[in-house]
Amino acid sequence: MTIHPAGSHDIVVGIDPARDWHLALAWAADEAQRRRLPLRLVLAVPPRHDTHQVDDFPGQTAQRQAGSDRLEQACIWVRDRHPEVAVTGDLLGGFPAPVLGGAAREARMIVLGSRHLSRTAEFFSAGSIVVPITAQAHCPVVVVGDAEHISQQPPYVVAGTDGSASATAALALAFEEADLRGAALRVVCVWQPPLIMLDDEEVALRAQRALLSEATAGLSEKYPDVHVTHEVITGHPVEELARAAEHALAVVVGRRGRGGYTGMRIGSVVHGLLHRAHCPVITVPTG
């Protein structure tokens, strides 16, 4: 097992030794193969006591050995799936979220598995990494709770957009993902009517459609092989995006929020999709 410093051109995968990692690792390995990037698997061994240091006790030694064995199994599994992908594994001491966040500080992308926990369980589970990593990572984060719907024909990727800076960054990645996969792209804007309408609803919807066309124009020129559709849907953003992505390869959204009591800068739509979407969810920070 090779240990190397984090790089700006690798895809990092968080390996949880207590649960099945195959879905997330399969997604990450396939992505590494498509992008011709190295894959780095990270497994954190938390301390047995209330300290950030890894304790040198027999139980801790056994835990580290089990983690090392799991990492080696995962590396072998990736090599069997994609022999051409360079894969390495890092066994690091500490709590999973800060360890993985530090290890992937300069990564191209982070891939995590998900147990579809409730929001409360996700916040307060000691080993939870999905919410903190999604909120704080400086690169796109992919949360794989269910397999891609590769049997859907034609295959498609969904991009949710609202005109914000993070949505613009997400749209660019969505085009890239669709192009890499030879898939179509559904760009979806979910419009929620205000309590007091100053304009006619149809006028407002036309304005949203115009914004979608403007947002995708340059990207359509950059990725001419990607078939793009624009959809303005009225309703709740989480419900409508989850419905649009029901048979998608992935749903891509911008990551934004104002913090709140958790101190996490992650939007309510992202929170909702992490628990509702039945396909991989890719969140993208601004810039």
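As the structure is a computational prediction, the values presented were derived from the model and not from experiment.

Colleague: I'd love a proper account of the overall build of the chain, names of residues and values included.
Modeller: For the chain, the count of helices and strands is nine helices and ten strands. Residue burial in the chain is summarised as follows: out of 287 residues, 48% are buried. Residue pairs at least 24 apart in sequence account for 79% of intrachain contacts in the chain once pairs closer than 6 positions are excluded.

Colleague: Talk me through helix α3 (residues 96–103); I want residue IDs and the actual numbers.
Modeller: Looking at α3, one finds that the buried residues are A97, V99, L100 and A103. Buried positions in α3, seen along its axis, are confined to an arc of 170° and lie on one side of it. The elements touched by buried residues of α3 are β1 (11–14), β2 (39–45), β3 (87–93), β4 (109–113) and α5 (130–136).

Colleague: Describe the packing of aromatic side chains, with residues and values.
Modeller: Counted according to the given criterion, the structure contains two aromatic pairs. Judged by centre distance (6.0 Å) and plane angle (25°), the rings of F175 and Y223 are stacked. With F175 in helix α6 (residues 165–181) and Y223 in the loop between α7 (201–222) and β8 (228–234), this pair connects stretches of sequence that are 48 residues apart.

Colleague: Could you give an account of the pairing of strand β6 (residues 156–160), with specific residues and numbers?
Modeller: Burial within β6 is extensive, with five of its five residues counted as buried. Here β6 shows a buried face lined by Y156, V158 and G160 and a second buried face lined by V157 and A159. For the crossover that starts at β6, traverses α6 and ends in the parallel strand β7 (residues 184–191), the hand is right-handed. Pairing between β6 and strand β9 (residues 251–254): two bridges, direction parallel. Counted as the bridge partner of A159 is V252 from β9.

Colleague: Got a sec to walk through the packing of helix α1 (residues 22–35) against α6? Specific residues and values, please.
Modeller: For the pair α1 and α6, the least separation of the axes is 10 Å and the interaxial angle reads 80°. Here α1 is positioned roughly perpendicular relative to α6, judged by the angle of their axes. Where α1 abuts α6, its residues W27, E31, R34 and R35 lie against L173, E176, E177, L180 and R181. Grouping the constituent residues of the contact of α1 with α6 by class yields three nonpolar, no polar and six charged.

Colleague: How would you explain α7 if you had to name every residue and give the values?
Modeller: The end-to-end C-alpha distance of α7 is 33 Å, a good match for the 32 Å that 22 residues give at a rise of 1.5 Å each. The largest bend along α7 measures about 40° and falls at T216. Within the span of α7, buried status applies to A204, L205, L212, T216 and L219. Taken together, the buried residues of α7 touch α6, β7 and β8.

Colleague: Tell me what's going on with the environment of L37, and back it up with residues and numbers.
Modeller: Counting through the fold element by element, L37 comes out in the loop between α1 and β2. The sequence separation of L37 and R108 amounts to 71 residues, and the corresponding C-alpha distance is 8.9 Å.

Rules behind the numbers
Residues numbered from 1 in each chain as written. Predicted model: local features only at pLDDT ≥ 70, side-chain atom pairs only at ≥ 80, totals over all residues. Heavy atoms only, no water. Helix = DSSP H or I, 4+ residues; strand = E, 2+ residues; numbered from the N terminus. Buried < 20%, exposed > 50% of the residue type's maximum accessible area, 1.4 Å probe, protein only. Contact = heavy atoms within 4.5 Å. Arc of directions from axis to C-beta. Phe/Tyr/Trp six-rings, centres within 6.5 Å; stacked < 30°, edge-to-face > 60°. Right-handed = clockwise from strand over helix to strand, strands pointing away. Pairing = 2+ DSSP bridges. Axes fitted to C-alpha atoms, helices over the stretch in contact; angles between N-to-C directions. Parallel < 35°, antiparallel > 145°, perpendicular 65-115°, else oblique. Nonpolar A, V, L, I, M, F, W, Y, C, P; charged D, E, K, R; others polar. Expected span 1.5 Å × (residues − 1). Bend = angle between axes of the 7 residues up to and from the residue.

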